Amino acid sequence: MSERDGHIADGRPIGVFDSGVGGLTVLHECLVNLPHEDFIYLGDTANFPYGPKRLAEVRRLAFAATEVLVTLGVKLVIVACNSAAAAALPQLQASFSTPLVGVVMPGARAAAQATRERRIGVLATEATVRSNAYQNALHALDAGLEVFAVASPRLAPLIQTGDVFSEETERAAREGVAPFKAARVDTVILGCTHYPLITPMLRRLLGPQVTLINSAEETAREVGEILARKGIGNEDGREGRYSFLASGDPEEFRKVGTRFLQLPIREVDHI
Ligand code: DGL
């Protein structure tokens, strides 16, 4: 802690974790919106993908990742993985004293505010859809919302490993959004960290009347508000640092991750 002009700055970093590189879309938004904060990002690449796993297994992995970040002394943990937040956020919050923020509630809140017809689509992994986390969060905000949750098992792995803009990715995206068109939703939540990378494709498939909600942007906004309200923000005006940990191959993380972060990734430590 340091004091300047009566304002106490909290210099501790913010921890962010995900099943791999996808959460870098969330980190990207945080780095853009909170450039004065330091971040430690943990990518559990050795266990990617979380989406097809049982919820109990995703919960176990989320506890292990949170433990690592808390041990490093972070002031807040962002569960930047939709599958992990959906499967484990309440249990994590009940077990750790460090504040934890997930990506589900910020996205749900923005969607509940944006929808005009009260018909919302959620495109996500199987684990996220199975957990009912988005459905529950949306109904807690407005019990009258009609929610259509669609699991796409193929999209995240295709975006991560294949050519993002390939015909195969487009086919999987088309298949994913087809139920939303039939249900005439007016708002769609991108309920997986990977989907912001195919925003133009989804926009074209859904049409201009449908509002897309990017959970990453909403989460970064909420983190900023939490830091301000709790008075645990770092000193304004400084340039924050960001560093990386990966449970899989660090070089692979660096190569694939740069596309998601859209900023340079220098060193990656293996854990
Ligand atoms: N970060 C994960 C999510 O948002 C990406 C997909 C996965 O691990 O299966 O659900």
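Residues numbered from 1 in each chain as written. Predicted model: local features only at pLDDT ≥ 70, side-chain atom pairs only at ≥ 80, totals over all residues. Heavy atoms only, no water.

**Some words on the packing of aromatic side chains**
Each aromatic ring pair is characterised by the separation of its centres together with the angle its planes make. For clarity, the cut-off: Between rings of Phe, Tyr and Trp, where Trp is taken as its six-membered ring, a pair exists when centres lie within 6.5 Å; planes separated by under 30 degrees are stacked, by over 60 edge-to-face, and by other angles tilted. Helix and strand assignments follow DSSP, with helices taken as H or I runs no shorter than four residues and strands as E runs no shorter than two, numbered in order from the N terminus. Relative accessibility thresholds used throughout: buried, under 20% of the residue-type maximum; exposed, over 50%; partly exposed, between the two (1.4 Å probe, protein chains only).
A complete count under the given rule lists five aromatic pairs for this structure. Considering the side-chain rings of Phe 63 and Phe 96, the 5.9 Å spacing of their centres and the 35° angle between planes classify their relative orientation as tilted. Residue Phe 63 is located in helix 2 (residues 55–71), and its partner Phe 96 is located in the loop between helix 3 (82–95) and strand 6 (100–102); the two are separated by 33 residues in the primary sequence. Since its relative accessible area comes to 14%, Phe 96 is described here as buried. A ring pair is formed by Tyr 242 and Phe 244, whose centres lie 5.8 Å apart and whose planes are at 85°; its orientation type is edge-to-face. When its relative accessible area of 2% is taken as the criterion, Phe 244 is described as buried. The structure contains a cluster of three or more aromatic residues connected by ring pairs, namely Tyr 41, Tyr 242, Phe 244 and Phe 253.

**Some points on the site of the ligand**
Filter applied, for reference: The near set for a molecule or strand comprises every residue that places at least one heavy atom within 4 Å of it. N or O atoms within 3.5 Å of each other form a polar contact, as long as, within protein, one can give a hydrogen and the other can take it, and as long as residues adjacent in sequence are counted only when both atoms are side-chain atoms. Only the protein chains shown count as covering a residue, and every accessible area follows the Shrake-Rupley method with a 1.4 Å probe. Basically, the charged four are Asp, Glu, Lys and Arg, the nonpolar ten are Ala, Val, Leu, Ile, Met, Phe, Trp, Tyr, Cys and Pro, and anything else, Gly included, counts as polar.
Close contacts around the ligand come from 14 residues, with Asp 18, Ser 19, Tyr 50, Gly 51 and Ser 83 the closest. Measuring from an oxygen atom of the ligand, one finds a backbone N or O atom of Tyr 50 at 2.9 Å. In this structure, Thr 193 approaches the ligand through a side-chain N or O atom, which is 2.9 Å from a nitrogen atom. For the ligand, whose unbound accessible area comes to 290 Å², protein coverage reaches 99%. Here the residues of the shell around the ligand are counted per class, giving six nonpolar, seven polar and one charged.

**Examining the nonpolar core**
Using the following cut-off: Residues belong to one nonpolar core when they are buried, are Ala, Val, Leu, Ile, Met, Phe, Trp, Tyr or Cys, and are joined through side-chain atoms within 4.5 Å. In this analysis, two residues are considered to be in contact whenever any of their non-hydrogen atoms come within 4.5 Å of each other.
Counting residues in each nonpolar core, the largest one holds 94 residues, and the members touching the most others are Phe 17, Leu 24, Leu 27, Ile 78, Leu 202, Phe 244 and Phe 253. Of all the elements, helix 3 adds the most residues to this core, at seven residues. Look past the residues within four positions of Leu 202 in its chain and what remains in contact with it is Leu 123, Ala 173, Val 177, Leu 190, Tyr 195 and Leu 212.

Shape descriptors only; they carry no functional weight alone.
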